[in-house]
Every structure is written in C-alpha cells, then in structure tokens.
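Residue-level structural notes
Below, each chain spelled out in residue letters.
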Number of protein chains: 2
Amino acid sequence: MNYTFANRMDRLKGSAVRELMALTARPEVISFAGGMPAPELFPIEGVKAAACAVLDEMGQKAMQYAPTEGYIPLREHIVKRMGERLHINTDIDHVLVTSGSQQGLDFAARVFLNPGDVILVESPSYVGALNAFNACEPTYVEVPTDDYGMIPEELERILETTENVKLIYVIPDFQNPSGKTWSMKRREHFMELVNKYEIPVLEDNPYGDLRFEGEYLPSLKSMDTKDLVIFLGTLSKVFCPGLRIGWVCAPAPVLAKFNFVKQGADLQVSSFDQMLAAKFMDMYDLNEHVEKIKAVYRVRRDLMLKTMEETFPEGVTWTVPEGGLFTWVTLPEGVDAGEIAPKLLEQNVAYVPGAAFYPYPGKENHFRMNYSNATEENLVIGVKRIGAVLTDILSK
Amino acid sequence: MNYTFANRMDRLKGSAVRELMALTARPEVISFAGGMPAPELFPIEGVKAAACAVLDEMGQKAMQYAPTEGYIPLREHIVKRMGERLHINTDIDHVLVTSGSQQGLDFAARVFLNPGDVILVESPSYVGALNAFNACEPTYVEVPTDDYGMIPEELERILETTENVKLIYVIPDFQNPSGKTWSMKRREHFMELVNKYEIPVLEDNPYGDLRFEGEYLPSLKSMDTKDLVIFLGTLSKVFCPGLRIGWVCAPAPVLAKFNFVKQGADLQVSSFDQMLAAKFMDMYDLNEHVEKIKAVYRVRRDLMLKTMEETFPEGVTWTVPEGGLFTWVTLPEGVDAGEIAPKLLEQNVAYVPGAAFYPYPGKENHFRMNYSNATEENLVIGVKRIGAVLTDILSK
C-alpha cells in the first residue's frame, strides 16, 4: 500500500530526545540526554498512601469519566501554587488540566497557527515544543538571545518587520536547553513590546520552582496587564512525570478554545492521576518535597560543572544555570556535536546534540547536558568520558 | 484583546455530550446522555491491589517518563485480547497506546486529512469523532446506512464519484449512536470495496466486547488483506474510562506516523495508569469482569426497551441493540429532539439530541439513549418521564 498522508506529516519526525531514550534505555548507558527527574526522589510511599486514600474514599469517581476542565481540587491546588510561587493571581476557571505541559504546547499551536503563520522562538528553543508546533506547519523566526534573555532590540525589529506573527514562545526560567534565566529588566522590556504589538505569548515554565540560588523572578504571566500571556505549568519536574499532569492558565476566551481542542483530542486527563496528585498535595507539603529535589539537583549541577571544568578541553564553554535541569555546552565553531554523539554511545554515554533545538539547520556546535537524572557517581564517570572524547577530537 | 485564532477553530465547538455532562452533573438528574459505564461495576478493590503492587514492585518506573509506544506488558495484553476476542493477528510493534480511543480519532485525522479532504462516515456517526475530525477541517460525505451497516451500493457510488477521499470512519459493532451492528455479508462487501478503491479505513471498536446475544462477528481489521484498516480499541468500556487507556493497531508505516503525532501531542500515556492496567490483567481475568458487565447491561437494555415500549407514544421507534451501550430513538418527521431536551431537563432527565451525530444539519428527529449508567430503578423512572413528555408533545 502507498499511503497518502496529510501535508503536515512532512514536517513531523521522531523527536531527537525520544529516539535517544530508546538507545539510552540500556542500563550500562549513562545518559545526560533526557530531561528526566531523579527517580530515587519520587515520593513513592506518599503516592501509594494517596492512591489508596483516593480509591477508598472515591474509587468510583476516580475510575469514571470526568469533565474536560479537570478535577476541581487539583485546579485549586494549582491556583494556590501559582499564587504563592509565581505571584499569578487567577482562579480555577482560568485553568485547564492537560496531559503534561507538552499537550499545552500542541494545543497552543492548534489554537493559534495556520500553516505558514509565524511563531517567534528563542534561539535555541525546546525541541519538544518545535516538534509540537511543526504539526501546524508554522514559519519560525528565531529571536537572538543572550545571557539575559531575548534581546529587545532584535525582538522589536522582528515585530516591526514581520507579518502574521501569531505567537511568541518563551521559557524565561532555566530555559530548555540553555539553562539561562531572563533578567527582570528583560522581562519588563519584553512585556512592553508585546503590549505594544499585542502578540499572544506562550510562557512555558516547567522548571521555575527549581531555583538553587538567587531570587525568584516574577513570571511574565504575573506581569500581564492585557490578557496576552498563556502560561503552561506542570507537575512533572516537582512531583512525578509518569502521571502526565500539566496545566494551561489563560484568559477566558483563549482557554475556551483550548478546552474545545482538549475535548476532541482526548476528552480529559486521567481522573485517577488527577485525584491522586490532589490528594498527595492534601496529605503532604509539596514545597517540602521540592526543597529535597533542589538540594540534590544543586549538588549534581555543581558536580557536573566542576567535572566539566576539570576534563573538558580548551575552547569548550557552557552555561551556569541557577536552577532547572540543563546546561548548554558550546563547542568551537565548525565542530558538529551530532557527529560526536555516536562515538559517545560506543562509550556508553549520551547527550542531546544541539541542532535539534533550532528550527532550521546550521548550528551544530552545541549539546545539552541534563544533571538531574544520573547518580553522582555516574555523573562524574559520564562527564569524564565525554571530556576524554572531546579532548581527543579537538586535539586532532 | 481581540485574539486571532487559527482557521480550524471556526469548526470547533463544545461537544454536545460534554456540555450535557455539566448540566446533568446535578445528582437529581437521571441522565441517559453520556456513554458512561456503570460505576458500581468498577473493580475498585482489584484496582487498588494492582496499584499497590505496581508501586511496591516498580514505583520509580511508574512515576517516570516512559517510551511513547506504551508499556510493553500492557501492549502484550492488548495483543492477546485482540487475538482472542477479535481474531486480529498482530504483535506489539503494531500497537501504540493512546489516551483513550478518542486520541486515536484525533491522530487519525491529523495523519490523513488536509483541510477540505473527504472523510466518509456512517449516517449518523459518533459525535466525538466528528468533533475530533473537525479540527482538521475535512469535508464529510455521509454514507447511507440501514439496519445492516453501510449500504454497499451507496458506498460504491460515492467512492466512484468523489475525489480526495482519504479515510472511511466506521463503528461496525454496536454503533454509536445507533446501536446497530454490521452483518457479516456487509463486512465482506465493504472490504471488497475498500480493497478495490484502496482507501484507509478507521475501525472504531469500543463496545465490541459487550455482546449480550448473537454471534461475535469478525472485526474488519481481522479481514484486512491489504493493510488498509486502522483499528482503535479501548479499555474504557470493559475496565475503567477514568484511566484513559486506548490503543491504535495499524500497519507499520501508518503507526509510525501516529507515533510522531503522539510525541508532539503529549509524549506518552500515564506510565502509572498503563502499568496499573497491565498489572490488573496479570492478577485478574478481565474477561470474567466483562461477563459481569454484560449481564448487568443486558438487564438494563431489556428494561429500557420494555419501558419505552410501555410509555413511548405511537410513531416513536427505536433500535434493538445486541450489545454496547446505546439505543437510537426516532421521532416522527418534523419533531425536533433538541427542542424537547430543555423540557426534559426541567423534569430532571436527559438524552442527547440526535443532530450532534450528523456533520450537517437537517436531521433533528432523533435522540440517543444510554442504558449502562443509570441504576434499574432510575432507568425506569427516567424513561417514564421521557415517555410522558413525548406523549404530551406528540398529542398536540
């Protein structure tokens, strides 16, 4: 059979990260490729207690269909957390529970983008977001970024000269893949510009809670005076990604569209998983758990950066993230991180080559390193292996 | 703010069934509107035992990210069930786990349909499927159906004279909403025609296991010799819909496309829910549970049909389903079931007006009745209330 697929399928291929997951599933591989939390920190006993409580107290409800919007007590917890941690003043009517924040990315594209419409993204940007957006066949314009975020002058130049800009996608806190965080000044300047041009903003904040040092900065959503910011949150990095619980917080007319898409897409998020997460937050202090995660990840970040410092050759640089899960490594111009990856796999170690984080080819001298998943021992072994291979290659 | 949404959003509105769910959530309402299983049959104790076993034995894995394809032991159970119950001979490499079969409907549209492409559907067809397909802006052609399924002569006429037919969507077993089941002869004739015209078929089979009487008939997928049939299955009607577990079984090149869409859409189905469902099927005999469900639904179907017979006025007819969850009621020409619905809600009883099950307006004299969800007592009370209102209206 020769199948005729829809045009959008020409733009879709397997995600680089997801394909690496298959390769790196072998237990002997030390993988810095995924964005996976440390499994030993998952509060399994607490999850079990919450699961049993949900099934004992309201088992029938947990196994039944439920409204698309999401479980009310979970949305109440989400609203409370957004208020406390992010200074976002909202209510449950502005929150839709999604299957991870990945689903929020997919829905945002479907709500706003016709084929050919322009979406602005940081450069680099999250590969999974590009993958989701691709299904709506957009045109990307990469906004140049430096250590403090999108460069306002560049953004304004683009907004002034580009037609059909329908959405700006940003990760201001501990960006994936760069690990960088936008400064306060840049946030303010950014909001001035989007207010002036009235372009909807998709603010993705999966890592914001995981700050190891420095001050928490206000989310763009909390600074939004014109109902322009659509905020994506998730429990994946502060609780358990296997439960697939994320959310969209958006102005009412926008959230209504997300809800319609959700109805057609999969009706609702698992009733059981939603109730389990809400019950866990009733029974335990999630912030206490987040503090534990932060303490461990901080040690791992320090260890990774120190080992890179000790073993990576001259000419290789990397970012120093104040939180989150990733550092972004830059090789000398002309060196292709994608060509090195197979050599590393032979040594049972993996990163994600950076090219996947750009919508268009041409920037191959980067790779992303995750420090949350590997144990400290493996982390040092793995980084040393990469250091040895890089030293070997760059000395030639 | 005036938002500019993508064109596809013009086609999306709230699902009639989902909106009724909000109205009918009041405990005093007896609702025949949803397609909800009987909650008192959910095997809560078994679910709890399985949940505890998963968390005790492999809690970290259950809370972590997992491959997009789905949990292998669950896919093995699915393959085994498809073999035993549906005579589908396949393997786990041809199965992708989805968030309910609703997600399979959404993905099928995204994989195959450009705006304006033609999809053939039964007339009437499942409202949730139309809702999912709408996001890809197709043109519908309704294939006339009678008591035995799509009418082959009509189908052939349409296939011969219609350009850009990309997909045929069918529910051959206990169709939603009609409750009808295709005869063996019609299945054979249908497969001859799709083989001749080589059009991919989306076979949706959420209710096939729930046959109360008569012979199980082979699925179209089991009769497929040209890799044309994409099969959608689900645990929602035989286990627990709150867990959102469905699957796609498709030829390899098609399944690869579904996988790419899944990666961008939401990465994966809940690891915990998948492992829980697989563990439940390890620990218990799901077929035994299905037998219990069938016994109860059969009684309820009989009771609904009998009460309709006793209380519905002359000129009203309905289908006699051999299984599944629904019967389809036809009012005299010119009577609008949608106009009667608010009067019924005043009496605390609800059905789904039939217009939602057609892609285009013009057929308002039907409604769908679900008999799986209400208790026997409520079922009789509710049907009598509808009978009284119909008698009142039709006598005027």
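Check the entry above for the structure.
Please read these numbers as outputs of a predicted model, since none were measured by experiment.

Okay, helix α7 (residues 184-197) of chain B next. All names here are of chain B. Look at α7: 20 Å from first C-alpha to last across 14 residues, which is about the 20 Å you get at 1.5 Å a residue. If you check which residues of α7 are buried, you get Arg186, Arg187, Phe190, Met191, Leu193, Val194 and Asn195. In this structure, the buried side of α7 is in contact with β5 (145-146), β6 (149-150), α6 (152-161), β7 (165-170), β8 (201-204) and β9 (229-234). Residue Glu198 follows α7 closely and has a positive phi angle near 50°.

Residues and elements named next belong to chain B. Here strand β10 (residues 246-249) shows a buried face lined by Gly246 and Val248 and a second buried face lined by Trp247 and Cys249. Relative to β10, strand β2 (residues 95-98) runs antiparallel, the two being bridged by four bridges. If you follow Val95 over to β10, its bridge partner there is Cys249. Pairing between β9 and β10: four bridges, direction antiparallel. Bridge pairing in β10 places Thr234 opposite Gly246.

In this section: unusual backbone geometry. A cis amide bond links Asn176(A) with the next residue in sequence, Pro177(A), at an omega value of 15°. Tracing the backbone shows Pro177(A) in the loop between β7 (165-170) and α7 (184-197). In this structure, the amide linkage connecting Ser123(B) to the following residue, Pro124(B), adopts the cis form with an omega of 5°. Mapped onto the fold, Pro124(B) is located in the loop between β3 (118-122) and α5 (127-134). Even without being a glycine, Leu267(B) presents a positive backbone phi close to 70°. Considering the arrangement of structural elements, one finds Leu267(B) in the loop between α8 (252-266) and α9 (271-283).

Pairing between the strands of a sheet comes from backbone hydrogen bonds, and it takes one of two forms, parallel or antiparallel. All names here are of chain A. Taken together, four strands build an open sheet; the order of strands is β11-β12-β15-β14 and the sheet is antiparallel. What marks the edges here is a single partner per strand, and that holds for β11 (317-318) and β14 (352-353). Here helix α10 (residues 286-311) sits on the sheet in contact with β11, β12 (326-330) and β15 (366-370), set at roughly 20° to β12.

What follows covers the interface of chain B and chain A. Facing 81 residues of chain B, the contacting portion of chain A comprises 81 residues. Roughly 7,000 Å² is buried in total at the junction of chain B and chain A, and carbon and sulfur atoms are behind 60% of that figure. At the junction of chain B and chain A, the tally comes to four salt bridges. One salt bridge in this structure joins Asp106(B) and Arg110(A), with 2.7 Å as the shortest N-O distance. Linking chain B with chain A are 32 residue pairs in polar contact (both at pLDDT 80 or more). For the side of chain B that touches chain A, the elements supplying multiple residues, two or more each, are α1 (16-23), α2 (44-63), α4 (100-112), α5, α8 and α9 of chain B. It is α2(B) that contributes the most residues to the side of chain B that touches chain A, eleven residues altogether. When grouped by side-chain class, the residues that make up the side of chain B that touches chain A number 42 nonpolar, 22 polar and 17 charged.

All names here are of chain B. Closest axis-to-axis distance for the α6/α7 pair is 10 Å, and the angle between their directions is 10°. When the axis of α6 is compared with that of α7, the two are roughly parallel. Listed contacts from α7 to Pro152, Glu153, Leu155, Glu156, Leu159 and Glu160 of α6 are Arg186, His189, Phe190, Leu193, Lys196 and Tyr197. Class assignment for the residues of the contact of α6 with α7 results in six nonpolar, one polar and five charged.

If you rotate chain B by 180° and push it 0.0 Å along the axis, it lands on chain A with an RMSD of 0.0 Å. Such a turn and shift between the copies fits a two-fold axis. A shared binding surface is used by both copies, with 100% of the interface residues of chain B retained as interface residues in chain A.

What follows deals with the environment of Cys240(A). Tracing the sequence through the fold places Cys240(A) in the loop between β9 (229-234) and β10 (246-249). The class for Cys240(A) is buried, based on a relative accessible area of 1%. As a C-alpha pair, Cys240(A) and Glu192(A) span 48 residues in sequence and 36 Å in three-dimensional space. In contact with Cys240(A), other than residues within four places in its own chain, are Phe42(A), Pro43(A), Val47(A), Leu235(A) and Met63(B).

Reading the values: the criteria
- Residues numbered from 1 in each chain as written.
- Chains lettered and ligands numbered in written order.
- Predicted model: local features only at pLDDT ≥ 70, side-chain atom pairs only at ≥ 80, totals over all residues.
- Heavy atoms only, no water.
- Helix = DSSP H or I, 4+ residues; strand = E, 2+ residues; numbered from the N terminus.
- Expected span 1.5 Å × (residues − 1).
- Buried < 20%, exposed > 50% of the residue type's maximum accessible area, 1.4 Å probe, protein only.
- Contact = heavy atoms within 4.5 Å.
- Pairing = 2+ DSSP bridges.
- Axes fitted to C-alpha atoms, helices over the stretch in contact; angles between N-to-C directions.
- Buried area = accessible area lost by both parts, 1.4 Å probe.
- Salt bridge = Lys/Arg side-chain N within 4 Å of Asp/Glu carboxyl O.
- Polar contact = N/O pair within 3.5 Å; in protein donor to acceptor, adjacent residues only side chain to side chain.
- Nonpolar A, V, L, I, M, F, W, Y, C, P; charged D, E, K, R; others polar.
- Parallel < 35°, antiparallel > 145°, perpendicular 65-115°, else oblique.
- Least-squares fit on C-alpha atoms with pLDDT ≥ 70 in both.

Nothing here speaks to function; it is all geometry.
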